[in-house]
Amino acid sequence: MKVFKKRSLSLLVALAMIIQCIAGNAIFFNSEAGNVYAAEKNAEEVYVPGSTNTFGVIPHDMKEIVSSEMDLTNEDEFIPGSALKGNTTVAAHDWYKYSTKYFYESLSANQKKLYVAFYEYCMYYLTTADTNNDHPSNYKSSLINTGSKIVNECITKEFTFSSYGVSQSEADTVFAVFLYENPQFYFVDANYFRTYTGIYLTFYDLFMNSVSRASITEKIFSQIDTWAGQVAAESTPYNKIKKAQDIVTEHNVYGWSMYSVSKEVGPFDPSRTQYWNEYYDQSLYSSVILKMTVCAGYSKLTMALLRKAGVNAIVITSSSHAWNMVKAGANWYNLDTTWDDDVIDASDPVGWFFLVSDTNLKAHDGNGGAHNPTANWTSHYKPVCYDDYSDDTYMTPGHSTDKTESDVSGQFKGKWIPEVTPVVTLSTTKFTYTGGAINPTITVKAGGYPVAAGNYEVIYPSGGFNVGDHQLTVKLKPSSGYAGQAQASYTINPKSTAIKGKLKAGSGSFKIKVKKVSKMASGYQVQYSLKKNFKGKKTVNLKGFKKTSKTIKGLKKKKKYYVRVRTYKTVDGEKYYSAWSKTKTVKTK
């Protein structure tokens, strides 16, 4: 959609538009290497990050996570049933094709490890849909203390600096490169949190529920794939890039895109609810679904379309703007779909920012600095373009410089495995000693759903076949889609015994003989009563498994007694009993 913006009116008008471009928040730089001040649009507070970040992303220092809770609100526009129906397609999609790893290749080995960890974590959330509210893909909303206020955000796990051998500033760099190289992860916000020990990515609240996320994922990328097909159908590199620009500009209007969402906020008062503006300018969601975005949305969509269509494209940022560089033939050129989305007079012709050199890119913006790339991009071998595109020269090397972009897709095949505590259920928790292995029937659930037997390992305790209390461990295998383990307890009781022969009656007494149990028995317990249900019962112990007979005296004469026996075993001071034997009767004399 064409947008009326008169850049020729004044530098102030241009700057007012530029300020809106980066990070969904207004960014102010006192110099390219100066401090970044990120002011939230609701103007409640200005955050001052703890260190410089010249990529235009916004780090916030986190003092602590005050609390976390599951928030699974679905937006009305999402249809959960259709999301689950198509989730197999979502998981099987080649998401790598929308991204680039141009700058990734210039990172250090440790920085690459962190980048890959970000990628695998986001791949899990991108491709996982589940209706179970306890599933790890339905991530938590956390109240975060920034030191001056409490904010409510959805954050990832902590990526600790020490785990990857990187510093805080290196982690900042990795995040910025990751953010602009992977537009397919549309749920990642440009804001992020960090502590002295690690970094947390922030996800947009709107996509917190995995079913909703699967639904919107299909909507976004079915549209992008359709557009990319139109781009790929063009016959020349020039026509492909021109088609991509036309699609992006015709389907977008420049402006902040946001929803007002109810969020719990307040100075250490989570019960206080306010309406909070959630901005999606940094996401493909704004440029594909909302069709209103700023330069970050323009440039990310342009890159996703071209990459999917087989054209090399990257995103470049200055302290206040974002645009693309694209490769046509043998050379790289600048492409600014945001600033070419205009209807203007002859003094500012359309196409000033289409396949132009670095020099003309800066000259055409009035040398206002919007197209001065930050030092981080140039230090990671940003392409340098000497000449505007020409049909005569675009296939001739030497009109730009770059580094070779090799295929590193093999480094991005993994997916984060969430760590959960599985629920382990045993068919029974009471067993009888056999002298051999005890293998209870086990059912396991993880994330609220059954885990097949081949997808977990059962570890039995040493001596787990002896009488006593035991605890087995169930450890999830990667094939289950989870990591984690849990224990389940069970008890092995001694082998039961029986009354040997008939009970021998005596005068106010009877004699009992017990079948000997030689293993795992400390003795026997005899129980007798005048009632069949053993009401008013009395108990006598026969200590030692070798003592198998006992005369019970002091009974009522000429009365019928009900008698039963069981084995007991003492382990660490605690008695374990077998089941009772069959009941026999005897009438005293």
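Residues numbered from 1 in each chain as written. Predicted model: local features only at pLDDT ≥ 70, side-chain atom pairs only at ≥ 80, totals over all residues. Heavy atoms only, no water.

**Focus: the overall build of the chain**
And then number 1: Per the secondary structure count, the chain includes twelve helices and 35 strands.
And then number 2: Taking the contacts inside the chain whose residues are at least 6 apart along the sequence as the reference set, 67% of them involve residues at least 24 apart. (Helix = DSSP H or I, 4+ residues; strand = E, 2+ residues; numbered from the N terminus. Contact = heavy atoms within 4.5 Å.)

**Considering the sheet that holds strand β17 (residues 331-335)**
And then number 1: Strand order in this open sheet of four strands is β15-β16-β17-β18, and the pairing throughout is antiparallel. Two strands bound the open sheet, and with one partner strand each, they are β15 (313-317) and β18 (354-356). This sheet shows a mean twist of 40° between the axes of neighbouring strands, independent of strand direction.
And then number 2: Across five bridges, the pairing between β15 and strand β16 (residues 322-328) is antiparallel. (Pairing = 2+ DSSP bridges. Axes fitted to C-alpha atoms, helices over the stretch in contact; angles between N-to-C directions.)

**As for the packing of helix α4 (residues 109-127) against helix α6 (residues 168-181)**
And then number 1: At a minimum axis distance of 9 Å, the contact between α4 and α6 shows a crossing angle of 45°. Of the possible angle classes, the one that applies to α4 and α6 is oblique. When the axes of α4 and α6 are compared, the crossing they make is right-handed. The residues of α6 that touch α4, namely those facing Q111, L114, Y115, F118, Y119 and C122, are E170, A171, V174, F175, V177, F178 and E181.
And then number 2: A class-by-class count of the residues in the contact of α4 with α6 yields ten nonpolar, one polar and two charged. (Parallel < 35°, antiparallel > 145°, perpendicular 65-115°, else oblique. Left-handed = near helix turned anticlockwise from the far one by under 90°. Nonpolar A, V, L, I, M, F, W, Y, C, P; charged D, E, K, R; others polar.)

**Comments concerning the pairing of strand β26 (residues 468-476)**
And then number 1: Here strand β25 (residues 456-459) runs beside β26; their pairing, made up of four bridges, is antiparallel. Residue Y456 lies in a different strand from β26, and its bridge partner there is L476.

**Points about the packing of aromatic side chains**
And then number 1: Applying the stated rule across the entire model yields 46 aromatic pairs.
And then number 2: A ring pair is formed by Y115 and F412, whose centres lie 5.8 Å apart and whose planes are at 75°; its orientation type is edge-to-face. Remark: F412 occurs in the loop between β20 (400-401) and β21 (423-426) and Y115 occurs in helix α4; sequence separation between them is 297 residues. Each member of the pair, Y115 as well as F412, is classed as buried. (Phe/Tyr/Trp six-rings, centres within 6.5 Å; stacked < 30°, edge-to-face > 60°. Buried < 20%, exposed > 50% of the residue type's maximum accessible area, 1.4 Å probe, protein only.)

**A word on unusual backbone geometry**
Most peptide bonds adopt trans geometry, and most residues besides glycine take a negative phi value.
And then number 1: A positive phi is found at Y381, a non-glycine position, where the angle reads about 70°.
And then number 2: One can find Y381 in the loop between α12 (375-379) and β19 (384-385).
And then number 3: Positive phi values are uncommon outside glycine, yet M520 reaches one of about 55°.
And then number 4: For M520, the location among the structural elements is in the loop between β29 (509-513) and β30 (523-529).
And then number 5: Residue classification places M520 among the partly exposed positions, given a relative accessible area of 22%.

**Focus: the nonpolar core**
And then number 1: Judged by nonpolar contacts, the single largest core of 100 residues is most densely connected at F187 and F203.
And then number 2: Counting residues per element, this core draws most heavily on α4, which supplies twelve residues.
And then number 3: Formed by 21 residues, the second largest nonpolar core is a distinct cluster that contains F431, I438, V444 and Y576. (Core = buried A, V, L, I, M, F, W, Y, C linked by side-chain atoms within 4.5 Å.)

**A few points about the sheet that holds strand β27 (residues 485-493)**
And then number 1: Pairing is mixed in the open sheet, where four strands are placed in the order β22-β27-β26-β25. The sheet is open, and its two edges are formed by β22 (430-432) and β25, each paired on a single side. With direction set aside, neighbouring strand axes in the sheet form an average angle of 30°.

**Looking at the packing of helix α7 (residues 210-232) against helix α8 (residues 237-250)**
And then number 1: One way to put it is that α7 packs onto α8 with a least axis distance of 8 Å and a crossing angle of 145°. Where α7 crosses over α8, the two elements pack in a sense that is right-handed. Across the interface between the two elements, W227, Q230, V231 and A232 from α7 touch K240, K243, A244 and I247 from α8.

**Let's talk about a positive patch on the surface**
And then number 1: Judged by side-chain charge, K500, K504, K511, K513, K515, K584 and K589 come together as a positively charged surface patch.
And then number 2: Structurally, the position occupied by K513 is in strand β29.
And then number 3: Residue classification places K513 among the partly exposed positions, given a relative accessible area of 47%. (Patch = residues over 30% accessible without salt bridge, like charges linked within 9 Å, V, L, I, M, F, W, Y side chains within 5 Å. Areas by Shrake-Rupley, 256 points an atom, 1.4 Å probe, with all protein chains shown as cover. Salt bridge = Lys/Arg side-chain N within 4 Å of Asp/Glu carboxyl O. Lys, Arg positive; Asp, Glu negative; His and termini not counted. Charge placed at Lys NZ, Arg CZ, Asp CG, Glu CD.)

**Points about α8**
And then number 1: With 14 residues, α8 extends 20 Å between its outermost C-alpha atoms, agreeing within 8% with the 20 Å of an ideal straight helix rising 1.5 Å per residue.
And then number 2: Listed in full, the buried residues belonging to α8 are K240, I241, A244, Q245, I247, V248 and T249.
And then number 3: Buried-residue contacts for α8 involve α7, α10 (295-308), β16, β17 and β18. (Expected span 1.5 Å × (residues − 1).)

**Remarks on the confidence of the model for the chain**
And then number 1: This prediction gives the chain a mean pLDDT of 82; 81% of its residues lie at or above 70.
And then number 2: Confidence drops under pLDDT 50 across residues 272-276; counting only partners more than four residues distant or on other chains, this segment forms 24 contacts. (pLDDT = per-residue confidence, 0-100.)

**Remarks on α6**
And then number 1: Taking 1.5 Å as the rise per residue, α6 with 14 residues should run 20 Å; its terminal C-alpha atoms sit 20 Å apart, in good agreement.
And then number 2: Most of α6 is tucked away, with eleven of its 14 residues classed as buried.
And then number 3: All buried positions along α6 are accounted for by A171, D172, T173, V174, F175, A176, V177, F178, L179, Y180 and E181.

**Here's the deal with the side chain of T317**
And then number 1: Mapped onto the fold, T317 is located in strand β15.
And then number 2: Residue class for T317 comes out buried when judged on its relative accessible area of 0%.
And then number 3: In this structure the side chain of T317 is engaged in a polar contact, spanning 2.6 Å, whose partner is the side chain of W377. (Polar contact = N/O pair within 3.5 Å; in protein donor to acceptor, adjacent residues only side chain to side chain.)

**Points about the environment of L306**
And then number 1: Relative to the assigned elements, L306 resides in helix α10.
And then number 2: Judged by relative accessible area, L306 falls into the buried class, the value being 0%.
And then number 3: For the pair formed by L306 and K327, sequence separation is 21 residues and the distance between their alpha carbons is 9.9 Å.

**Comments concerning the side chain of H399**
And then number 1: By the element assignment, H399 lies in the loop between β19 and β20.
And then number 2: Residue class for H399 comes out buried when judged on its relative accessible area of 17%.
And then number 3: Contact partners of H399, with chain neighbours within four places excluded, come to N331, V384, C385, Y386, D387 and T393.

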